[in-house]
Amino acid sequence: MINHLPANHSNNFIKLRNSLISATGKAIGDYNMIEEGDTVLVCMSGGKDSHAMLMILLALQERAPINFKLIAMNLDQKQPGFPADILPAYFEKLGIDYRIVEADTYSIVKEKIPEGATTCSLCSRLRRGIIYTTAKKLGANKIALGHHRDDIVETMFLNMFFGAKLKAMPPKLSTNDKQNIVIRPLAYCSEKDIASYARQMEFPIIPCDLCGSQENLQRQKVKDMLQAWEREQPGRINNIFRAIGNVEPSHLADFNLYDFKGLSQAKPEDEDPLFGDIAKESEALSLNSSDGTRIEFIRNT
């Protein structure tokens, strides 16, 4: 039996853990991420997010009304000084099925990317290909990544600022070859809660020295911007995330999503409420008079 609790845990920790499990279970249910008989390849970078994801999925596996298999996978990218023994020892301690995949992506990235330039794009493409190939070899039909709510919001702003696209990370998507489904079970979880959970669980964290040392990454700048907004108005990041799942195409500008050219008369559901939502049962203002160049509205009593 896997020990899911740290020594001397508090009631607050139990509440935090239960909240993360509940949020993850809801995301899985809302997007039908995991189904009966699935084999899920759980991608483990060794960071706080992937550690939290694995432990929460293991907890859900114990209580879920369906049967599914989990295989933890770590990609050893042959970075100098990478502690290759840490994760295998941890997986053995948990007693779970795992694979260590070795691929020297480090030398490829260093060869192709000029010193000081951002390595993330090439590194992620190489990792993606390796993960997809590994999933096929192991018969895994789902690939779980540890991206959380904040990652999804940050990605939306990065795509807006630098790609001119209103695009984020979906909680679930199909790979280009339609062979695998990628899922993000932590889509409803905040980074702050995950970080607190990981600290108290004392996971064996492995930092990414390949890209983690690049202080000027645009993602970090977007993260700092969002955190400043959150300090100014708590709950703003969550509201932005909720907006991603509450889209009104008729109030954007993509004519591929909405037939603006063919629009001659707005449908009731496309119109804004008259004068906003000031009055729920009747209009707040009424047209009173129209005389020459003067039109007057008066407040309803």
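Just above, that's the structure.
Given the structure is predicted, the values throughout are model-derived calculations rather than measurements.

Draft legend 1. Looking closely at the packing of helix H8 (residues 218-232) against helix H9 (residues 236-244). At their nearest, the axes of H8 and H9 sit 8 Å apart, and the two run at 115° to each other. Here H8 lies roughly perpendicular to H9, going by the angle between them. Within the contact between the two elements, H8 uses Leu226, Gln227, Trp229, Glu230 and Glu232 and H9 uses Arg236, Ile237 and Ile240. For the contact of H8 with H9, the class distribution of residues is 4 nonpolar, 1 polar and 3 charged.

Draft legend 2. Inspection of the sheet that holds strand E4 (residues 142-144) at higher detail. With mixed pairing, 6 strands are arranged side by side in an open sheet as E3-E2-E1-E4-E6-E5. A single partner strand is all that each edge strand has here, and the edge strands are strand E3 (98-102) and strand E5 (172-174). Averaged over all neighbouring strand pairs, the angle between strand axes comes to 25°, with direction disregarded. Looking at chain direction, E5 and strand E6 (residues 181-183) are connected through 3 bridges and run antiparallel. Looking at E6, one finds that Lys172 is bridged to Ile183.

Draft legend 3. The arrangement of the pairing of strand E1 (residues 39-43) in detail. Most of E1 sits out of view: 5 of its 5 residues are buried. Here E1 shows no split at all, with Thr39, Leu41 and Cys43 on one side and Val40 and Val42 on the other all buried. Relative to strand E2 (residues 69-76), E1 runs parallel, the two sharing 5 bridges. Paired with Leu41 across the two strands is Ile71, which belongs to E2. One crossover worth recording links E1 to the parallel E2 by way of helix H2 (residues 48-63), and it is right-handed. Inspection of the sheet shows E1 paired to E4 by 3 bridges, in the parallel sense. Directly across from Val42, in E4, lies its bridge partner Ala144.

Draft legend 4. View of the packing of aromatic side chains. In this structure the tally under the stated criterion is 10 aromatic pairs. Their ring planes at 55° and their centres at 5.7 Å tell us that Phe157 and Phe161 sit as a pair that is tilted. Residue Phe157 and its partner Phe161 are located together in helix H6 (residues 149-163), separated by 4 residues, close to a single helical turn. Residue Phe157 is classed as buried on the basis of its relative accessible area of 9%. Overall, the relative accessible area of 45% leaves Phe161 in the partly exposed class. Ring-pair connections join several aromatic residues into one group, and the members of that group are Phe157, Phe161, Phe162 and Trp229. Cation over ring: Lys261 sits above Phe255, and NZ or CZ is 5.5 Å from the ring centre.

Scoring rules and cut-offs
- Residues numbered from 1 in each chain as written.
- Predicted model: local features only at pLDDT ≥ 70, side-chain atom pairs only at ≥ 80, totals over all residues.
- Heavy atoms only, no water.
- Axes fitted to C-alpha atoms, helices over the stretch in contact; angles between N-to-C directions.
- Helix = DSSP H or I, 4+ residues; strand = E, 2+ residues; numbered from the N terminus.
- Parallel < 35°, antiparallel > 145°, perpendicular 65-115°, else oblique.
- Contact = heavy atoms within 4.5 Å.
- Nonpolar A, V, L, I, M, F, W, Y, C, P; charged D, E, K, R; others polar.
- Pairing = 2+ DSSP bridges.
- Buried < 20%, exposed > 50% of the residue type's maximum accessible area, 1.4 Å probe, protein only.
- Right-handed = clockwise from strand over helix to strand, strands pointing away.
- Phe/Tyr/Trp six-rings, centres within 6.5 Å; stacked < 30°, edge-to-face > 60°.
- Lys NZ or Arg CZ within 6 Å of the ring centre and 35° of its normal.

These results come straight from atomic positions and should not be treated as a statement about function.
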